[in-house]
Amino acid sequence: VTFTLIMDWITLIFWTGDIGVSFVSGFYKNGELVMNLRSIAINYLMSWFLVDLIVVVPDWVTSITASDQAVSQNMKMLRAFRALRILRLLRLLKLQRLVNIAYDFISSEYAFIMIGMLRLVVFIIVLNHVIACGWFLTGKFAVDTGMERSWLLDTVNGDMLAEPKLY
């Protein structure tokens, strides 16, 4: 069992559980906390439920069918669901709301500065990751189009495409 497979299942279970928790998590309306379960469910169904469902259902379908080779070979259309995984980024909008709530509790200017610096460092790390993925895609495209030499094939560690790696 690989690390990525375990992490896929952990995140899938987490976000599936988040759907259930969202049905019982109160919300603020006009500055007043609403804890009525019916109102909470209606609010969630009208706001984030569809987004969460669009993200979680394809993950469940691909995770379940990936374990059965015969089923996954016969259902090639499921590969299109993998493209929907990009919709996971919509969850970041939920995270931004939580960050804004956390900012309301911070009263120290020093803490604001430190959090701002941390956000910049995280942004730089993510940007470097995206750039590295772009260079990898460029090298893979060179190999796929039949170029004789590519930096992915001529490395100190050998062929970068020969065995599965965590990228």
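Note: the structure precedes this text.
Quick caveat: nothing in here was measured; it's all calculated off a predicted structure. (Residues numbered from 1 in each chain as written. Predicted model: local features only at pLDDT ≥ 70, side-chain atom pairs only at ≥ 80, totals over all residues. Heavy atoms only, no water.)

(A) Region of interest: the overall build of the protein. Scanning the protein from terminus to terminus reveals seven helices and two strands. The order of α-helices and β-strands along the protein, N terminus first, is α-β-β-α-α-α-α-α-α. The buried share of the protein, taken over its 167 residues, is 17%. Long-range contacts, defined as pairs at least 24 residues apart, comprise 39% of the intrachain contacts of the protein with a sequence gap of at least 6. (Helix = DSSP H or I, 4+ residues; strand = E, 2+ residues; numbered from the N terminus. Buried < 20%, exposed > 50% of the residue type's maximum accessible area, 1.4 Å probe, protein only. Contact = heavy atoms within 4.5 Å.)

(B) Examining the packing of aromatic side chains more closely. Counting across every chain of the model gives six aromatic pairs. On the basis of an interplanar angle of 85° and a centroid distance of 4.9 Å, the ring pair of Phe23 and Tyr44 is categorised as edge-to-face. Pair noted here: Phe23 is in the loop between α1 (3–22) and β1 (27–29) and Tyr44 is in helix α2 (residues 37–46), with a separation of 21 residues, a long-range link. Taking the relative accessible area as the measure of exposure, Tyr44 reaches 4% and is therefore buried. An angle of 35° between the planes, with centres 5.5 Å apart, marks the rings of Tyr103 and Phe112 as tilted. One aromatic cluster in this structure is built from Phe23, Tyr44 and Phe49. (Phe/Tyr/Trp six-rings, centres within 6.5 Å; stacked < 30°, edge-to-face > 60°.)

(C) Region of interest: the side chain of Asp52. Tracing the backbone shows Asp52 in helix α3 (residues 49–66). Overall, the relative accessible area of 3% leaves Asp52 in the buried class.

(D) Structural view of the layout of surface pockets. Of the voids in this model, the largest pocket is the one considered here, and its volume is about 610 Å³. Forming the boundary of the largest pocket are 20 residues, of which Ser25, Gly26, Lys94, Arg97 and Leu98 lie nearest the centre. When residues of the lining of the largest pocket are traced back to their parent elements, those giving at least two are α1, β1, α2 and α6 (91–104). Here the lining of the largest pocket takes seven residues from α6, the largest share from any one element. (1 Å grid on protein atoms, 1.4 Å probe; cavity = no way out; pocket = protein on both sides within 12 Å on 5 of 7 lines; lining within 4 Å. Points joined across faces, edges and corners; volume = space filled by probe spheres on them.)

(E) Examining α2 more closely. Considered for burial, the residues of α2 that qualify are Ile40, Ala41 and Tyr44. Seen from one end, α2 has its buried residues packed into an arc of 95°, which puts them on one side. Among the exposed residues of α2, those oriented more than 90 degrees off its buried face are Arg38 and Met46. N-cap assignment for α2: the residue whose side-chain oxygen lies 3.1 Å from the backbone N of Arg38 is Asn36. (Arc of directions from axis to C-beta. Polar contact = N/O pair within 3.5 Å; in protein donor to acceptor, adjacent residues only side chain to side chain.)

(F) Molecular detail of the nonpolar core. Within the largest apolar cluster, five residues are counted, these being Leu12, Ile19, Tyr44, Trp48 and Val56. With near-sequence residues (within four places) excluded, Tyr44 lies in contact with Ile19, Ser22, Phe23, Phe49, Asp52 and Lys94. (Core = buried A, V, L, I, M, F, W, Y, C linked by side-chain atoms within 4.5 Å.)

(G) Structural view of helix α7 (residues 109–144). Here α7 contains 36 residues, and its C-alpha end-to-end distance of 52 Å stays within 8% of the 52 Å for a straight helix at 1.5 Å per residue. Residues Phe136, Gly139 and Ala142 constitute the buried set of α7. Backbone geometry just after α7 places Gly146 at a positive phi near 95°. (Expected span 1.5 Å × (residues − 1).)

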